[in-house]
Amino acid sequence: MMKDFIRKFYYGDIPEEKGGNNNSPLGDGGKSDWPLWEVFIRSKQGLDHKHVGSLHATDAQMAIENARDVYTRRMEGVSIWVVESKHIHATKPEEAGELYEPAADKIYRHPTFYDLPDEVNQM
Amino acid sequence: MSVQDFDKIFQDKIDNEIKIEPKDWMPDAYRKTNIRQISQHAHSEIVGMLPEGNWISRAPSLKRKAILIAKVQDEAGHGLYLYSACETLGITREETINDLHSGKAKYSSIFNYPTLTWADIGAIGWLVDGAAIMNQVMLTRTSYGPYARAMVRICKEESFHQRQGFESLLVLSRGTKEQKEMCQDAINRWWWPALMMFGPHDSESTNSEQSMKWKIKRKTNDELRQNFVDMCVDQVKVLEMKLPDEKLKWNEERQHYDFGEINWDEFWQVVKGNGPCNKQRLDARRKAWEEGEWVREAAAAHAEKRRVKPQTPKGALEAA
């Protein structure tokens, strides 16, 4: 029944293995869309790279150059990662229950679960 | 689960301010509405480069030229953020662009008006970008995640656009008699089209009600337009210029300015493609696309050559 209503799309943001345009990019001489790339930027030394968006490019070098032009015009970054969208594997929304719910009833994993006397400072 | 159940889960998420992400279930109409709205928005950014690009080579100083180039480059970037957001809904970039070039997809009518003098560039920054910002600030809270994120990015950059425009007009408004006249003339010509950017009255707008329910929009066309008018009335005083509307008047009871009626015939004419520059704009877009063909081919050939004989791309090693 689910199948009838859930349509799958393989583009952008959180793509699956078939993400991006197709598996043999540019096989048609570049007439159709170039492969899709996800862009990650480190905003300053010491911080993680963070997903900022996506773009189309023929290869990694072009993806990095375009990412520089589009996502770092105002010193937003000191390092860029690009990865072709099709290489990103992601969990599916319909698996959210089995994946994340088991953590919901384990409140003893949080420090606030433990009630300590006030004399115990800074723990 | 039936489609009604999915619908209910979906609407519950919206009501609880949970964003919708690309792979979540969504009603087809929600998907289509977002594709339509985001792609129109993207096209507007791209077509919007044309009236301004027109003045890059004629900007009055190197400073203004550098500013204008930066702004036009921003608009290209905004187009890209939005096209990317649109793609997450399952339409390809190619389809989106083809719809623009075939005339099937719409873009903001404001860009079908000509930029006749240098003051128009200032007026566009102040009024056109100002009107766009009202809409875009609201859209940073839209229910579709990728669209909202693109909007946050855009709003950060857009504020420079409005400020540089206003400052440019401010310089003219303190200049010679001719410069003052040029400034007023530009305001006269851009004011009404800027008000039209907010779209038809709420009572006439076919998409508004459902879009509000889905929280794609959070304010109606008329609310946004009113906010814009209230804001501009104060700002125009700084320029010591006038807004071309005899009916502008503070309404104590409403705590808003009353203003005159938009020429809706003109509005619909331009939407239908009969504005001053509709044909010119689309021709320019198609020409740019066709003349870029060899660049796309060359880039594809270059990538293919590298694929056959791979080289480590610069920067790839540090990535690890």
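Keep in mind the model is a prediction, meaning the values are calculated, not measured.

**Things to note about the overall build of chain B**
Logical step 1: The helix and strand tally for chain B stands at 14 helices and two strands.
Logical step 2: Here the C-alpha coordinates of chain B stretch approximately 65 × 50 × 40 Å along the principal axes.
Logical step 3: In chain B, 76% of the contacts between residues at least 6 apart in sequence involve partners at least 24 apart.
Logical step 4: Surface accessibility of chain B: about 15700 Å² in total, with carbon and sulfur atoms responsible for 55%.
Logical step 5: Looking at charge distribution, chain B has the averaged site of its 47 positive side-chain charges lying 5 Å from that of its 47 negative ones.

**Some words on the packing of helix α4 (residues 62-87) of chain B against helix α5 (residues 93-101) of chain B**
Residue and element names in this part refer to chain B.
Logical step 1: At a closest axis distance of 9 Å, the pairing of α4 and α5 adopts a crossing angle of 120 degrees. α4 and α5 meet at a crossing whose hand is right-handed. Across the interface between the two elements, Leu80, Tyr83, Ser84 and Glu87 of α4 pack against Arg93, Thr96, Ile97 and Leu100 of α5.
Logical step 2: Taken together, the residues of the contact of α4 with α5 sort by class into four nonpolar, two polar and two charged.

**Comments concerning helix α8 (residues 177-196) of chain B**
Given 3.6 residues per turn, any residue in an α-helix points the same way as the ones three and four places further on.
Residue and element names in this part refer to chain B.
Logical step 1: Given a rise of 1.5 Å per residue, 20 residues ought to cover 28 Å, and the 30 Å separating the end C-alpha atoms of α8 matches this to within 8%.
Logical step 2: Taken as a whole, α8 carries its principal kink of about 30 degrees at Trp190; the proline Pro193 stands between one and four residues after it.
Logical step 3: Within α8, the full set of buried residues consists of Cys183, Gln184, Ala186, Ile187, Trp190, Trp191, Trp192, Pro193, Ala194, Leu195 and Met196.
Logical step 4: On its buried face, α8 is in contact with α6 (118-139), α7 (145-173), α10 (221-239) and α11 (264-274).

**Looking at the state of the cysteines**
All names here are of chain B.
Logical step 1: Taken as a whole and judged by the stated rule, the model has zero disulfides over all chains.
Logical step 2: As a non-bridged cysteine, Cys86 has Cys155 as the owner of its nearest cysteine sulfur, 18 Å distant.
Logical step 3: The class of Cys86 is buried, set by a relative accessible area of 0%.
Logical step 4: We note that Cys232 lacks a disulfide partner, and the nearest cysteine sulfur, in Cys183, lies 13 Å from it.
Logical step 5: Relative accessible area serves as the criterion here: at 0%, Cys232 is assigned to the buried category.

**Observations regarding the sheet that holds strand β3 (residues 79-84) of chain A**
Residue and element names in this part refer to chain A.
Logical step 1: If you walk across this open sheet you meet the three strands as β2-β1-β3, and the pairing is antiparallel. With partners counted over all chains shown, the strands left at the sheet margins are β2 (49-56) and β3, one partner each. Pairs of neighbouring strands in the sheet enclose a mean axial angle of 25 degrees, with direction left out of account.
Logical step 2: One ladder, built from seven bridges, connects strand β1 (residues 36-42) with β2; its direction is antiparallel. When the bridges of β2 are listed, Glu38 appears paired with Ser54.

**A look at a nonpolar patch on the surface**
Residue and element names in this part refer to chain A.
Logical step 1: Taken together, Ile107, Tyr108, Phe113, Tyr114, Leu116, Val120 and Met123 make up a surface patch of nonpolar side chains, about 760 Å² in accessible area.
Logical step 2: Relative to the helices and strands, Tyr108 is located in the segment after α3 (96-100).
Logical step 3: Look at Tyr108 and you get partly exposed, because its relative accessible area is 42%.

**Details of the pattern of salt bridges**
Logical step 1: Summed over all chains, the structure comprises 29 salt bridges over all chains.
Logical step 2: With its nearest N and O atoms 3.5 Å apart, the salt bridge here joins Glu157 of chain B to Arg74 of chain A. Taken as a pair, Glu157 of chain B in helix α7 and Arg74 of chain A in the loop between α2 (60-71) and β3 lie in two separate chains rather than in one.
Logical step 3: By relative accessible area, which is 4% here, Glu157 of chain B ends up buried.
Logical step 4: Among the residues examined, Arg74 of chain A registers a relative accessible area of 34% and is labelled partly exposed.
Logical step 5: The salt bridge involving Arg64 of chain B is made with Glu167 of chain B; its shortest N-O contact spans 3.0 Å. On the criterion of sequence distance, the pair formed by Arg64 of chain B in helix α4 and Glu167 of chain B in helix α7 is long-range, its members being 103 residues apart.
Logical step 6: Residue classification places Glu167 of chain B among the partly exposed positions, given a relative accessible area of 33%.

Cut-offs used in this document
Residues numbered from 1 in each chain as written. Chains lettered and ligands numbered in written order. Predicted model: local features only at pLDDT ≥ 70, side-chain atom pairs only at ≥ 80, totals over all residues. Heavy atoms only, no water. Helix = DSSP H or I, 4+ residues; strand = E, 2+ residues; numbered from the N terminus. Contact = heavy atoms within 4.5 Å. Areas by Shrake-Rupley, 256 points an atom, 1.4 Å probe, with all protein chains shown as cover. Lys, Arg positive; Asp, Glu negative; His and termini not counted. Charge placed at Lys NZ, Arg CZ, Asp CG, Glu CD. Axes fitted to C-alpha atoms, helices over the stretch in contact; angles between N-to-C directions. Left-handed = near helix turned anticlockwise from the far one by under 90°. Nonpolar A, V, L, I, M, F, W, Y, C, P; charged D, E, K, R; others polar. Expected span 1.5 Å × (residues − 1). Bend = angle between axes of the 7 residues up to and from the residue. Buried < 20%, exposed > 50% of the residue type's maximum accessible area, 1.4 Å probe, protein only. Disulfide = S-S within 2.5 Å. Pairing = 2+ DSSP bridges. Patch = residues over 30% accessible without salt bridge, like charges linked within 9 Å, V, L, I, M, F, W, Y side chains within 5 Å. Salt bridge = Lys/Arg side-chain N within 4 Å of Asp/Glu carboxyl O.

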